[in-house]
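Residue strings, one per chain:
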Amino acid sequence: MAHEKLSDLFHDTLKDIYYAEGKILKALPKMAKGAQSPELKAAFEKHREETEGHVERLKQVFGIIGKPAQGKTCEAIEGILGEGNEILAEFKGTAALDAGLVSAAQAVEHYEIARYGTLKQWAKDLGLKDAVKLLDQTLTEESKTDEALTRLAEGGVNHKAMAA
Ligand code: FE
Ligand code: FE
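These remarks concern the structure in this document. (Residues numbered from 1 in each chain as written. Chains lettered and ligands numbered in written order. Predicted model: local features only at pLDDT ≥ 70, side-chain atom pairs only at ≥ 80, totals over all residues. Heavy atoms only, no water.)

### Thoughts on the packing of helix H3 (residues 75–90) against helix H4 (residues 97–125)
For step 1, the next point in the chain: Viewed as axis vectors pointing N to C, H3 and H4 meet at an angle of 175°, and their least axial separation amounts to 9 Å. In this view, H3 runs roughly antiparallel relative to H4, as classed from their interaxial angle. Within the contact between the two elements, H3 uses Ala76, Ile77, Ile80, Leu81, Gly84, Ile87 and Leu88 and H4 uses Leu97, Gly100, Leu101, Ser103, Ala104, Ala107, Val108 and Tyr111.
For step 2, the next point in the chain: Across the contact of H3 with H4, the residue classes break down as 12 nonpolar, 3 polar and no charged. (Axes fitted to C-alpha atoms, helices over the stretch in contact; angles between N-to-C directions. Helix = DSSP H or I, 4+ residues; strand = E, 2+ residues; numbered from the N terminus. Parallel < 35°, antiparallel > 145°, perpendicular 65-115°, else oblique. Contact = heavy atoms within 4.5 Å. Nonpolar A, V, L, I, M, F, W, Y, C, P; charged D, E, K, R; others polar.)

Here is the structure:
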């Protein structure tokens, strides 16, 4: 019984992050286009490619549990991406735009890290070894992206925002 409920929770959360990844895939090109620093632009473009892989891995995880790959509206990612859009609009053409974009992107990565961390643990608990491996691969890429964004912020993006 307890096992059954945890697999329901796992499936629901999988649908949540599958929906979120689809939205992120659409948002990243907009963020890359908006970024002023070539390094930040490149970071967004690289992560867009990785995100295609995240969607693919999620499809495989749906396959492992014998369910169709299907999303479920995730209000959290709508809100986080909505704030990113506000930053894009409000700080367009200003020196602070890149710092704002880094902050918006890190909010996205942290949401993903929370979700994948949970899913990986639940997959472990449910004995879904192959799913653990797939979820861990994506979790690692999300964490590395978060770290790369921190390095960009430390490496000049924030200073540029203050200099103007
Ligand atoms: Fe992702
Ligand atoms: Fe990500």
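### Details of the coordination of the iron ion (ligand 2)
Any two of four tetrahedral donors ideally make an angle of 109.5 degrees at the metal, while pairs among six octahedral donors ideally make 90 or 180 degrees.
For step 1, the next point in the chain: The coordination sphere of the iron ion (ligand 2), as far as protein atoms go, consists of His47 (NE2), Glu109 (OE), Glu109 (OE), Glu112 (OE) and Glu142 (OE), spread over 2.0 to 2.6 Å.
For step 2, the next point in the chain: Donor residues for the iron ion (ligand 2), ordered by position in the chain, follow H-x61-E-x2-E-x29-E.
For step 3, the next point in the chain: A distance of 3.3 Å spans the gap from the iron ion (ligand 2) to the iron ion (ligand 1), which Glu112 bridges by coordinating each metal. Here Glu109 pairs with Glu112, and both are found in helix H4, just 3 residues apart, close to one helical turn.
For step 4, the next point in the chain: What makes Glu112 buried here is its relative accessible area of 0%. (Donors = N, O, S within 2.8 Å, 3.2 Å for Na, K, Ca; no water. Buried < 20%, exposed > 50% of the residue type's maximum accessible area, 1.4 Å probe, protein only.)

### Notes on empty space enclosed by the protein
For step 1, the next point in the chain: Tallying each qualifying case throughout the model produces 2 cavities of 30 Å³ or more.
For step 2, the next point in the chain: For the lining of the largest cavity, the secondary structure elements donating two or more residues are helix H1 (2–34), H3 and H4.
For step 3, the next point in the chain: Here the element with the most residues in the lining of the largest cavity is H3; it accounts for 5 residues.
For step 4, the next point in the chain: Across the lining of the largest cavity, the residue classes break down as 8 nonpolar, 2 polar and 1 charged. (1 Å grid on protein atoms, 1.4 Å probe; cavity = no way out; pocket = protein on both sides within 12 Å on 5 of 7 lines; lining within 4 Å. Points joined across faces, edges and corners; volume = space filled by probe spheres on them.)

### Topic: the coordination of the iron ion (ligand 1)
For step 1, the next point in the chain: Around the iron ion (ligand 1), the protein contributes the donor atoms Glu21 (OE), Glu21 (OE), His54 (ND1), Glu112 (OE) and Glu142 (OE), at 2.1 to 2.5 Å from the metal centre.
For step 2, the next point in the chain: Along the chain, the residues donating to the iron ion (ligand 1) fall in the pattern E-x32-H-x57-E-x29-E.
For step 3, the next point in the chain: On the accessibility criterion, Glu142 (0% relative accessible area) is buried.

### Some words on H4
Side chains three or four residues apart in an α-helix point the same way, a direct result of the helix having 3.6 residues per turn.
For step 1, the next point in the chain: Compared with an ideal rise of 1.5 Å per residue, which puts 29 residues at 42 Å, H4 spans 42 Å between its outermost C-alpha atoms and is within 8% of the ideal.
For step 2, the next point in the chain: Looking one or two residues beyond H4, the residue adopting positive phi is Gly127, at roughly 75°. (Expected span 1.5 Å × (residues − 1).)

### Considering helix H5 (residues 129–163)
For step 1, the next point in the chain: With 35 residues, H5 extends 50 Å from end C-alpha to end C-alpha; this agrees with the ideal 51 Å at 1.5 Å per step.
For step 2, the next point in the chain: Maximal helix bending in H5 amounts to about 55°, located at Glu154. (Bend = angle between axes of the 7 residues up to and from the residue.)

### A few points about the layout of surface pockets
For step 1, the next point in the chain: For the largest pocket, the calculated volume is near 200 Å³.
For step 2, the next point in the chain: Contributing to the lining of the largest pocket are Glu39, Ala43, Lys46, His47, Glu50, Glu141, Lys144, Thr145, Ala148, Leu149, Arg151 and Leu152.
For step 3, the next point in the chain: If you list the elements that add at least two residues to the lining of the largest pocket, you get helix H2 (38–64) and H5.
For step 4, the next point in the chain: At 7 residues, the largest contribution of residues to the lining of the largest pocket is made by H5.
For step 5, the next point in the chain: In terms of residue class, the lining of the largest pocket is built from 4 nonpolar, 2 polar and 6 charged.

### As for the pattern of salt bridges
For step 1, the next point in the chain: Per the counting criterion, the structure on display carries 7 salt bridges.
For step 2, the next point in the chain: For Lys72, the salt bridge is made with Asp12, and the minimal N-O distance between the two is 3.8 Å. Of this pair, Lys72 sits in the loop between H2 and H3 while Asp12 sits in helix H1, and the two are 60 residues apart along the sequence.
For step 3, the next point in the chain: Residue classification places Lys72 among the partly exposed positions, given a relative accessible area of 40%.
For step 4, the next point in the chain: Exposure remark for Asp12: the relative accessible area of 33% places this residue in the partly exposed category.
For step 5, the next point in the chain: The shortest N-O distance in the salt bridge between Arg115 and Asp16 comes to 3.3 Å. (Salt bridge = Lys/Arg side-chain N within 4 Å of Asp/Glu carboxyl O.)

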